[in-house]
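Now for the letters of each chain:
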Amino acid sequence: MALRHHHFLPEGVVFRANAPGSPVRSIGGPMKRLFSSIRDGNGFDIVLVAFPLGFLFLMAGLPLLYNILMSFQEVDMFSLGTFLRPFVGFKNYQELFAQPETWPILGNTAIFVIGSIAGQFLIGFGLALFFWVNFPGASWLRGLFLVSWVMPGLVVGAIWNWILSGDFGVLNFMLKETGIISGNIFWRSDPNYSLYAVIIANVWLGTAFNMILLSVGLASIPGDLYEAAELDGANAWQRFWTITLPMMRSTIGAIVSLGLIFTLQQFDLFAAITSGGPNNSSNVTQYWAWDLSFRQYDFAKGATISVIMIVFVMFASVVYVRSTRHEVRG
Amino acid sequence: MTKQIELSGVNKYYGAFHALKNIELSIEKGRFVALVGPSGCGKSTLLRSLAGLESISTGDLKIAGELMNNVPPRKRDIAMVFQSYALYPHMTVEQNLTYSLRIRGVPKAQARKAAEEVAATTGLSQLLGRYPRELSGGQRQRVAMSRAIIRDPKAFLFDEPLSNLDAALRVHMRKEIRTLHDRLGATSVYVTHDQIEAMTMADHVVVMKDGVIEQQGAPLELYDRPANRFVAGFIGSPAMNFVPAMVGEDGRSLAVDVGEKQTIVLDRQLQPGRKVTAGLRPEHLHFVEPGQGVFRLPVGIVESTGSATYITTSTAAEVTIVETSRRPVRTGDIIDVSIRPADVHVFDDQTGLRI
């Protein structure tokens, strides 16, 4: 709005000054017009937009393009410093999918993404509904829940390492005391559980964020809709299905696609808890890409995996943008 | 006549705040009742208590003879039209109308037929496929009413339903709601802060203030015999003039303190020397020939609407006069004004009650 104002008023002035027959026109050259445009007119808007766009292109666009380019090249330690390397077509992709660990890791990634999003969303929605009841101290307690979201992933990973520890971890203790398991589960070193150990930690990390966004969505539903539905004969369960959920559609769409983006970015927890092991049983694409590039120095394969991930993230972004655009508000 | 809604000894507290004080109200089937009063008088709280959206603290609330104190709103079989309309934004007009039927498990085809029937009577037939955001204010208002009508409820509750419409549409919808009420033979309770709405639409007007029913009765009864100063000032537009006065020694005249002391004749006997407040409706004060009036008043402001002239005097206690004759009047004129003894309202100085 402020920009509009700035744009509007002085532009009128410029227009009058440049009107045919006005003396200003004969004195000022194209340079002067350019400067006055930057000061007062369209030029100012263009400059404002150009800065963030330039920044985005330099810091995000170029690395992205370079990454795609690298996935079609042969890269080794000696050609790292050069830009134009031997072009190999889809060789990197073919080799990658010929490796025996590729499909299991892609499967792990799918389990990790679906498990994390489902856990974060369901628990987050439950908490959001719980705090929506607005008992005394609800908003204070809700704020406290954000602590988990503020914490760095590595710290969360370290804490969960203790909780998940096989011999003296508190999780095993609780499961045993409640009779759910009889022997210790070695969460981090048992290939059957290692991936779920990271999922549990990631659910804990992301639940608060889900809860806050869903709380905002809930709060934006007008209260009189519920009163009208109540008078129309709907019980609490029917009101949830016919009013709350449909009114939350755009919020839910946004949070699921954001969740997809965030879980595909989750790296710290893998580094802190399992390092992708044992034997790739908890390895996922984002961790594998780093491992290939910076521990095995196979930069081309690392880039290839990243490109595959980009496709998925782009898909999520489209869903996100669409669902926030189609907000239903009376 | 059967009693459709009965309230006896109803009180409502919000913590220490006493929102409804000992409400006694019974509404016969088929009646149109208006709850009217200034904001914060408890009229909306009373309406929401009928709907069950608020619980009452003490007293009895009966709908169609059944005690409803602890019955949840969805089991009261009452429809409400909200001030904001509260249409479901994610549903089409048809889905809005059939919501209550679908909740009750009425078959789809039957619900659809009911929606079409109601829409035909309220002029919404062409709009059944639209979403609320695609409708104008008046159309949304109609959807809100149709949503209530389709249920054939025990009573209709209206919570200031016309306050979001422009003046012309409001007058039109006033008639439409009343016509609909008569055609359906419904029982309606209508909350408004606009006394003209209450007077023109209702059979029975309930005037409230600070959680108390000040007076209830037929519209003209309230206008002709207001029970106290508050009701007298609230009903009627422009508002009644209140002037300090004292009963004369014969008990049949009032010394009225407007400008200079002037005397008006009464048609009833009052206690001589008693200090009172005289209430004079602007439309009951008439111009007369010089020397024949009971008042001689200096003219302050003259506002002409064409059909009537509003004159405000320049006396200490301002007096408003509505005159329909086109007699020319100018600021600074001295006019002679008369009033019929039967039109003089007298209120107690302390209690404000009608004498």
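One numbering rule holds for all chains: residues counted from 1, following each sequence as written. Each chain gets a letter, beginning with A, and each ligand a number, beginning with 1, in the order they are written. In keeping with the model being predicted, local features are shown solely for residues with a pLDDT of at least 70 and side-chain atom pairs are shown and tallied solely at 80 or more, while totals for entire chains, interfaces and linings include all residues.

Peer 1: Lay out the pairing of strand β2 (residues 17-28) of chain B in plain terms, naming residues and giving numbers.
Peer 2: Between any two strands, at least two bridges found by DSSP are needed for them to pair. Each helix corresponds to a stretch of at least 4 residues labelled H or I by DSSP, and each strand to a stretch of at least 2 residues labelled E; elements are numbered beginning at the N terminus. The sheet contact formed by strand β1 (residues 3-14) of chain B and β2 of chain B spans eight bridges and is antiparallel. Residue pairing in the sheet places Leu7 of chain B in a bridge with Leu25 of chain B of β2 of chain B.

Peer 1: Please give an account of the sheet that holds strand β16 (residues 295-304) of chain B that cites residues and values.
Peer 2: Residues and elements named next belong to chain B. Ordered by their spatial adjacency, five strands build an open sheet running β15-β19-β16-β17-β18, and the pairing between neighbours is antiparallel. The open sheet has two edge strands, β15 (286-287) and β18 (320-323), and neither has a second partner. Two elements, strand β17 (residues 309-313) and β18, share four bridges in a ladder whose sense is antiparallel. Opposite Thr312, over in β18, you have Thr320 as the bridge partner.

Peer 1: Tell me about the packing of helix α4 (residues 42-70) of chain A against helix α17 (residues 299-325) of chain A, and name the residues and values.
Peer 2: All names here are of chain A. Only the contacting stretch of a helix is used when fitting its axis, a line to C-alpha atoms as for every element, and angles between N-to-C directions run 0 to 180 degrees. Taken N-terminus to C-terminus, the directions of α4 and α17 make an angle of 115°; their axes are 8 Å apart at the nearest point. Where α4 crosses over α17, the handedness of that crossing is left-handed. Packed against α4, whose contacting residues are Asn67, Ile68 and Met70, the element α17 presents Phe299, Ala300, Ala303, Ser306 and Val307 at the interface. Of the residues contributing to the contact of α4 with α17, the split by class is six nonpolar, two polar and no charged. In this scheme the handedness of a crossing depends on how the near helix is turned from the far one: anticlockwise by less than a right angle means left-handed, clockwise means right-handed. Here, residues touch in the contact sense if the C-beta positions derived from the backbone fall within 7 Å of one another. Under the scheme applied, nonpolar residues are Ala, Val, Leu, Ile, Met, Phe, Trp, Tyr, Cys and Pro; charged residues are Asp, Glu, Lys and Arg; polar residues are all the others, including Gly.

Peer 1: Tell me about the interface of chain B and chain A, residues and numbers included.
Peer 2: Tallying the contact residues gives 20 residues for chain B and 17 residues for chain A. Mapped onto the side of chain B that touches chain A, the elements with two or more residues apiece are β6 (78-81) and α2 (93-103) of chain B. Per-class residue counts for the side of chain B that touches chain A are 14 nonpolar, three polar and three charged.

Peer 1: Hey, could you go over the confidence of the model for chain A for me, with residue numbers and the actual values?
Peer 2: Residues and elements named next belong to chain A. Note: pLDDT gives the predictor's confidence per residue, expressed from 0 to 100. Taken residue by residue, chain A gives an average pLDDT of 83. The fraction at 70 or more is 90%. When pLDDT is averaged over each helix and strand of chain A, the minimum, 40, is found for helix α1 (residues 2-17) and the maximum, 93, for helix α12 (residues 223-231). For residues 1-26, every residue scores under 50 in pLDDT, and the model assigns this stretch 14 contacts once sequence neighbours within four places are set aside.

Peer 1: Give a detailed account of the nonpolar core, specifying residues and quantitative values.
Peer 2: Connectivity within a nonpolar core runs through C-beta atoms within 7 Å, and the core itself is a set of buried Ala, Val, Leu, Ile, Met, Phe, Trp, Tyr and Cys residues. Three exposure classes are used, based on other C-beta atoms lying within 10 Å of a residue's own C-beta, which is placed from the backbone: buried for 20 or more, exposed for 12 or fewer, and partly exposed in between. If you look at the biggest cluster of nonpolar residues, it comprises 99 residues, and the most contacted ones within it are Ala34, Leu35, Leu157, Val189, Tyr190, Val206 and Val207 of chain B. Among all residues touching Leu35 of chain B, those that are not within four sequence positions of it are Lys43, Leu46, Leu47, Val189, Val191, Val206 and Met208 of chain B. If you look at the next biggest cluster of nonpolar residues, it comprises 41 residues, including Phe125, Leu260, Phe262 and Leu264 of chain A.

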